[in-house]
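Examination of the molecular architecture
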Amino acid sequence: MNKAIDILAFGAHADDIEIGMGGTVAKYASEGKSIVFCDLTQAELSSNGTVELRKQEAFESANLLGVKERINLQLPDRGLFLLDSYIRKITSVIRYYRPKVIFAPYEVDRHPDHGNCSKLIQEAFFSAGIRKYETEDSLQQHKSKALYFYMINGFHHPDFCVDISQHFQTKIKSLQSYKSQFVFESNGVETPLTNGYIETVEGRDRMMGKEVSVPFAEGFISSKPLILNKDLLGDVQ
């Protein structure tokens, strides 16, 4: 039987979601919201670590953030092309969990997998709401309220920000779970991730916070204009 959750967050690899929106996840999880992570690949081509170790790190990280369920579609790392079979598989996930809102990586990113993941989610987000669009499990259509994009690499002008000041340290701890990716060891290789990457993420969250006058914030891009009600006059924090 399918579910009905608050937030469904997609990433190309385990650690993508935490980098872009770990603080936001921790914030909403602390408020009792139901959140599911879906990683498209097992990151089997990562320069450091193994698939099994990455899996362990991913579940440890999700648990720290308060996420109770994390799934992996086992699509090919560096093979996230716009294929019909992939779109239908992701569509099935959306229809099964029936989320209120969906998050995906922003498509402008130095890593092609992140951009391709974004495009796949955009396709599946639309297809999930089409009644006659069929998937293997024949789940009913579902149209989420919104699709938002988080940033992994780079700094882009956001459409809105979430104040994560109270949850920033939880985000950092979740990232530190990925020792295979962010800590250089003698038997590994140097990558952009092992060279102060977590500090870079902290710097971006600080800068994003400065933009909205809070200590730390995460920025997001919206797929459509936002409707403001009380927020317009600052009545809702």
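Owing to the predicted nature of the structure, the values given are computational and were not obtained by experimental measurement.

Moving on: helix α3 (residues 84-97). Counted at 1.5 Å a residue, the expected span for α3 with its 14 residues is 20 Å, and the 20 Å between its end C-alpha atoms agrees. For α3, the full list of buried residues reads Tyr86, Ile87, Ile90, Thr91, Ser92, Val93, Ile94, Arg95 and Tyr97. In this structure, the buried residues of α3 make contact with β1 (7-11), β2 (35-41), β3 (69-75), β4 (101-105) and α4 (112-127). Phi turns positive one or two residues past the end of α3, at Arg98, with a value near 50 degrees.

Relative to the elements of secondary structure, Ser174 occurs in helix α5 (residues 168-176). Sequence-distant contacts of Ser174, that is, excluding residues within four places in its chain, are made with Glu18, Ser61, Leu64 and Leu65.

Mapped onto the elements of the fold, Asp15 is located in the loop between β1 and α1 (16-30). A relative accessible area of 3% means that Asp15 is categorised as buried. For Asp15, the contacting residues outside a window of four places in its chain are Arg54, Arg70, Tyr178, Gln181, Phe182 and Leu193.

A separate point is the nonpolar core. Counting 35 residues, the largest nonpolar core has Met21, Val25, Phe37, Phe103 and Phe182 as its most contacted members. Looking at this core element by element, the count peaks at 6 residues for α1. Dropping the residues within four chain positions of it, Met21 is found in contact with Ala9, Phe103, Tyr150, Glu218 and Phe220. Judged by nonpolar contacts, the second largest core, of 32 residues, contains Ala12, Leu40, Leu120 and Leu147.

Strand pairing in a sheet takes place through backbone hydrogen bonds and is either antiparallel or parallel in direction. Judged by pairing direction, the sheet is mixed, and its 7 strands sit side by side in the order β3-β2-β1-β4-β5-β7-β6 without closing on themselves. Looking at which strands have only one partner, the edges of the open sheet turn out to be β3 and β6 (160-163). Neighbour to neighbour, the strand axes of the sheet diverge by 25 degrees on average, direction disregarded. Bridging between β1 and β2 involves 5 bridges; their strand directions are parallel. Each bridged residue has a counterpart across the sheet, and for Leu8 the counterpart in β2 is Val36.

Procedures and definitions
Residues numbered from 1 in each chain as written. Predicted model: local features only at pLDDT ≥ 70, side-chain atom pairs only at ≥ 80, totals over all residues. Heavy atoms only, no water. Helix = DSSP H or I, 4+ residues; strand = E, 2+ residues; numbered from the N terminus. Expected span 1.5 Å × (residues − 1). Buried < 20%, exposed > 50% of the residue type's maximum accessible area, 1.4 Å probe, protein only. Contact = heavy atoms within 4.5 Å. Core = buried A, V, L, I, M, F, W, Y, C linked by side-chain atoms within 4.5 Å. Pairing = 2+ DSSP bridges. Axes fitted to C-alpha atoms, helices over the stretch in contact; angles between N-to-C directions.

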